[in-house]
Amino acid sequence: MGRHSYFIFAIIEKRASQTFSSKEREFQLYRRGRYVEFNLVWDRGTIFGLQTNGRTESILMSLPPLARWEYGYKAKKDSREEFLTSIFTKPQDWFNDKELEKFCMENNIFD
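What this report covers is the structure whose coordinates are included nearby.

Procedures and definitions
Residues numbered from 1 in each chain as written. Predicted model: local features only at pLDDT ≥ 70, side-chain atom pairs only at ≥ 80, totals over all residues. Heavy atoms only, no water. Helix = DSSP H or I, 4+ residues; strand = E, 2+ residues; numbered from the N terminus. Contact = heavy atoms within 4.5 Å. Salt bridge = Lys/Arg side-chain N within 4 Å of Asp/Glu carboxyl O. Buried < 20%, exposed > 50% of the residue type's maximum accessible area, 1.4 Å probe, protein only. Axes fitted to C-alpha atoms, helices over the stretch in contact; angles between N-to-C directions. Parallel < 35°, antiparallel > 145°, perpendicular 65-115°, else oblique. Nonpolar A, V, L, I, M, F, W, Y, C, P; charged D, E, K, R; others polar. Polar contact = N/O pair within 3.5 Å; in protein donor to acceptor, adjacent residues only side chain to side chain. Phe/Tyr/Trp six-rings, centres within 6.5 Å; stacked < 30°, edge-to-face > 60°. Patch = residues over 30% accessible without salt bridge, like charges linked within 9 Å, V, L, I, M, F, W, Y side chains within 5 Å. Areas by Shrake-Rupley, 256 points an atom, 1.4 Å probe, with all protein chains shown as cover.

1. Considerations on the side chain of Glu 81
Consideration 1: Along the chain, the position of Glu 81 falls in helix H5 (residues 80-88).
Consideration 2: Setting aside chain neighbours within four positions, we find Glu 81 in contact with Lys 23, Glu 24, Phe 27, Tyr 73 and Ala 75.

Here you go:
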């Protein structure tokens, strides 16, 4: 195992006992659907494999086993989902933007 395994296990240990609501689960599935969309539309490796008659099952194995799609999705105003969507769906300067860091800390984005 690599040296980063420590951090992965620390995150798992911290979150293992956390509960989540059906609303949070639905948002997770929606985000997974967006990941699938990205892979199928934009990911060059996935597109190349599908266009060159690669083994479809192998190409699609990296996709999540469960996902959902919703037309015109809008998160509820001032919800955690709206914060997450506004932060993670546009390019960010994660290392240098102090305002972004402040916003994330104030809104508990890192928890």
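Still more ground to cover, so stick around.
2. Comments concerning the pattern of salt bridges
Consideration 1: Evaluated as defined, the whole model comprises five salt bridges.
Consideration 2: Glu 81 serves as the salt-bridge partner of Lys 23, at 3.7 Å between the closest nitrogen and oxygen. You can see Lys 23 sitting in helix H2 (residues 22-41) and its partner Glu 81 sitting in helix H5, a full 58 residues away along the chain.
Consideration 3: Note on Glu 81: relative accessible area 7%, which makes it buried.
Consideration 4: Arg 34 is the salt-bridge partner of Glu 37, the closest N and O atoms lying 3.0 Å from each other. A residue pair is termed a helical-turn pair when its members lie 3 or 4 positions apart in one helix, as Glu 37 and Arg 34 do in helix H2 at three residues.

3. Focus: the packing of H2 against helix H3 (residues 44-51)
Consideration 1: With their axes 6 Å apart at the nearest point, H2 and H3 run at an angle of 60 degrees to one another. With respect to H3, the axis of H2 lies oblique. Every residue of H3 that contacts H2 at Asn 39, Leu 40 and Val 41 is listed here: Thr 46, Ile 47 and Leu 50.
Consideration 2: Class assignment for the residues of the contact of H2 with H3 results in four nonpolar, two polar and no charged.

4. Considerations on the environment of Gln 92
Consideration 1: Locating Gln 92 in the fold gives a position in the loop between H5 and helix H6 (98-106).
Consideration 2: The class for Gln 92 is partly exposed, based on a relative accessible area of 21%.
Consideration 3: Sequence separation between Gln 92 and Phe 20 is 72 residues, and the spatial gap between their C-alpha atoms is 27 Å.
Consideration 4: Apart from the residues lying within four places of it in its own chain, the contact partners of Gln 92 are Ser 86, Ile 87 and Leu 100.
Consideration 5: In terms of polar contacts, Gln 92 uses its side chain to reach the backbone carbonyl oxygen of Ile 87, at 3.1 Å.

5. Brief notes about the packing of aromatic side chains
Consideration 1: According to the stated counting rule, one finds five aromatic pairs in the structure shown.
Consideration 2: Chaining the aromatic ring pairs together yields one cluster made of Phe 27, Tyr 30 and Tyr 73.

6. Some points on a nonpolar patch on the surface
Consideration 1: A cluster of nonpolar side chains, contributed by Phe 38, Leu 40, Val 41, Trp 42, Leu 50 and Leu 60, occupies part of the molecular surface with about 570 Å² of accessible area.
Consideration 2: Of the residues forming the nonpolar patch, the biggest block, three residues, is contributed by H2.
Consideration 3: Structurally, Leu 50 is set in helix H3.

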